[in-house]
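Here are the chains, one letter per residue:
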Amino acid sequence: MKLIIEPAANPAPAGRRAELLANPGFGTSFTDHMVTIKYREGTGWHDARLHARGPISLDPATAVLHYAQEIFEGMKAYKLADGAMALFRPEANAARFNRSARRMAMPELPEALFLESVSALVDIDRHWFPDVDGGSIYLRPFMFASEVFLGVRPAKEYLFMVIASSAGDYFKGAASAINIWVSDHYSRAAPGGTGAAKCGGNYAASLIAQSEATMHGCDQVVFLDAAEHKWVEELGGMNLFFLFSDGRLITPPTSGTILEGITRDSIITLARERGLTVAEVPYSIDQWRDDAASGYLTECFACGTAAVVMPVGKVSSKDGVFTIGAGGPGQITGALRDQLVHIQRGLAPDPHGWVRRI
Ligand SMILES: *Cc1c(COP(=O)(O)O)cnc(C)c1O
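The structure presented is a predicted model; accordingly, all values stated were derived computationally and were not measured.

### Let's talk about the nonpolar core
Here is step 1: Counting 39 residues, the largest nonpolar core has Ile71, Phe114, Ile137, Leu139, Met143 and Phe160 as its most contacted members.
Here is step 2: If one sorts the elements of this core by residue count, helix α4 (residues 111-124) sits on top with six residues.
Here is step 3: The residues touching Phe114, leaving out its near neighbours within four places in the chain, are Glu73, Met75, Pro90, Asn93, Ala94, Phe97, Leu109, Pro141 and Phe160.
Here is step 4: Core analysis: the next-biggest nonpolar cluster, separate from the first, contains 26 residues, Leu224, Ala279, Leu297 and Ala302 among them.

If you want it as structure tokens, here you go:
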């Protein structure tokens, strides 16, 4: 199937675009185009189009509005030093999208079509790349049950879409470390649940804990395992790493309840190359507190596409607060972040072939 390209008749005027690009924020400054591809049982994927971005109209009985059969991806396009646009490990997003689809009883999208969709959108909207610190074009591929039907079963119709937005730094003033809140009551994911799928429902379930974190003056919430409320899992949308004074770097294993982050996987590779001993092992909240107190834990950070790498300085819970290291961004954390960002932007060698020019 061919992706039909229909350039927008009324793109944003250059002045309006320049205004948005000067201060893009995150998830608010959208580009001129979007991709839509339809699926129907029996017909398969059809009507693949890249066209003017705009509202879509949905019947009130559209299945996704009732049973949340929806998945998404998050990825960034960067401008390389020579002016070319590039994606970072997009095949990994395409593969994960289909793993999420399988878990949510949705049809898989051919990876080539996923890649063509994101590449064509970046290509046509490349002038939406903001020349600000940490700037990127943030891509949001997603798919939802579009069948008009209230019965409870996997839908027979779906819509795949990609939208794009100009993005600055995810956390404004990201140089400093964040403060995270330990949710001892709410769970994000349980064994057998959807924790490893990138679905909107996981986020819906995490929002109340995020509000609790905000209420306690924290930036993000960290979830513990659902069974014992003991093992540290991840933040609402970022994976966690812990670095110790003997050069050990650990992250919780992704055994079904944790999202397999592409940033997480890239950091594991870069850290090993740096000579750190990396292990994917369970880590308890009590050990975390003890290791921070003894000084054995020297650095901690969260990572994900949107924010890349975020140092964690303080951890708060109903039992009090503890500080990691001096409470600021750690040195190795900063070095790993810089190395990853430099590879993504074509400022450092890319021995793993992670950067895909468009
Ligand atoms: C998307 C996401 C991440 C980060 O994944 P990346 O591929 O690194 O962007 C981590 N945790 C959750 C729950 C996520 O949804």
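### Quick notes on the packing of aromatic side chains
Here is step 1: Under the criterion given, the structure shown has 15 aromatic pairs.
Here is step 2: Taking 6.1 Å as the distance between ring centres and 55° as the angle between the ring planes, the aromatic pair formed by Tyr39 and Tyr158 counts as tilted. Within this pair, whereas Tyr39 is found in strand β3 (residues 33-40), its partner Tyr158 is found in strand β9 (residues 157-167), the two being separated by 119 residues in sequence. Each member of the pair Tyr39 and Tyr158 is classed as buried.
Here is step 3: Feature note: the residues Phe242, Phe244, Tyr283, Trp288, Tyr296 and Phe322 constitute an aromatic cluster, connected by ring pairs.
Here is step 4: Positioned above the aromatic ring of Phe30 is the side chain of Arg53, whose terminal nitrogen or guanidinium carbon lies 4.2 Å from the ring centre.

### Quick word on the domain arrangement of the protein
Here is step 1: Under the domain assignment used here, the protein contains domain 1 (4-167) and domain 2 (178-344).
Here is step 2: Inter-centroid distance (C-alpha atoms) of domain 1 to domain 2 is 27 Å.
Here is step 3: Tallying the contact residues gives 20 residues for domain 1 and 20 residues for domain 2.
Here is step 4: Surface buried jointly by domain 1 and domain 2 totals about 1,700 Å² across both partners, of which 58% is contributed by carbon and sulfur atoms.
Here is step 5: Sorting the residues of domain 1 by area buried against domain 2 places Phe72, Phe88 and Arg96 first, and these three jointly supply 34% of that buried surface.
Here is step 6: Between domain 1 and domain 2 we count two salt bridges in total.
Here is step 7: Notably, a salt bridge pairs Arg89 with Asp265, separated by 2.9 Å at the nearest N-O pair.
Here is step 8: For the pair domain 1 and domain 2, the interface holds twelve residue pairs in polar contact (both at pLDDT 80 or more).

### Remarks on helix α5 (residues 200-215)
It helps to recall that an α-helix has 3.6 residues per turn; residues three or four apart then point in one direction.
Here is step 1: In this model, α5 (16 residues) spans 23 Å end to end at C-alpha, consistent with the 22 Å of a helix rising 1.5 Å per residue.
Here is step 2: Bending of α5 peaks at approximately 35° at the position of Leu207.
Here is step 3: Burial in α5 covers these residues: Asn202, Ser206, Ala209, Glu212 and Ala213.
Here is step 4: If you follow the buried residues of α5, they end up packed against β10 (178-183) and β11 (220-224).
Here is step 5: The first or second residue beyond α5 is Gly217, which carries a positive phi of 75°.

### Quick word on helix α1 (residues 14-22)
Here is step 1: Every buried residue of α1 is accounted for by Arg17, Leu20 and Leu21. When α1 is viewed along its axis, its buried side chains cluster within an angular range of 95° and face the same direction. Seen from the open side of α1, the exposed residues pointing more than 90 degrees away from its buried face are Glu19 and Ala22.
Here is step 2: The inward-facing, buried residues of α1 contact β2 (29-30) and β9.

Calculation notes
- Residues numbered from 1 in each chain as written.
- Predicted model: local features only at pLDDT ≥ 70, side-chain atom pairs only at ≥ 80, totals over all residues.
- Heavy atoms only, no water.
- Core = buried A, V, L, I, M, F, W, Y, C linked by side-chain atoms within 4.5 Å.
- Buried < 20%, exposed > 50% of the residue type's maximum accessible area, 1.4 Å probe, protein only.
- Helix = DSSP H or I, 4+ residues; strand = E, 2+ residues; numbered from the N terminus.
- Contact = heavy atoms within 4.5 Å.
- Phe/Tyr/Trp six-rings, centres within 6.5 Å; stacked < 30°, edge-to-face > 60°.
- Lys NZ or Arg CZ within 6 Å of the ring centre and 35° of its normal.
- Domains from an automatic or database assignment.
- Buried area = accessible area lost by both parts, 1.4 Å probe.
- Salt bridge = Lys/Arg side-chain N within 4 Å of Asp/Glu carboxyl O.
- Polar contact = N/O pair within 3.5 Å; in protein donor to acceptor, adjacent residues only side chain to side chain.
- Expected span 1.5 Å × (residues − 1).
- Bend = angle between axes of the 7 residues up to and from the residue.
- Arc of directions from axis to C-beta.

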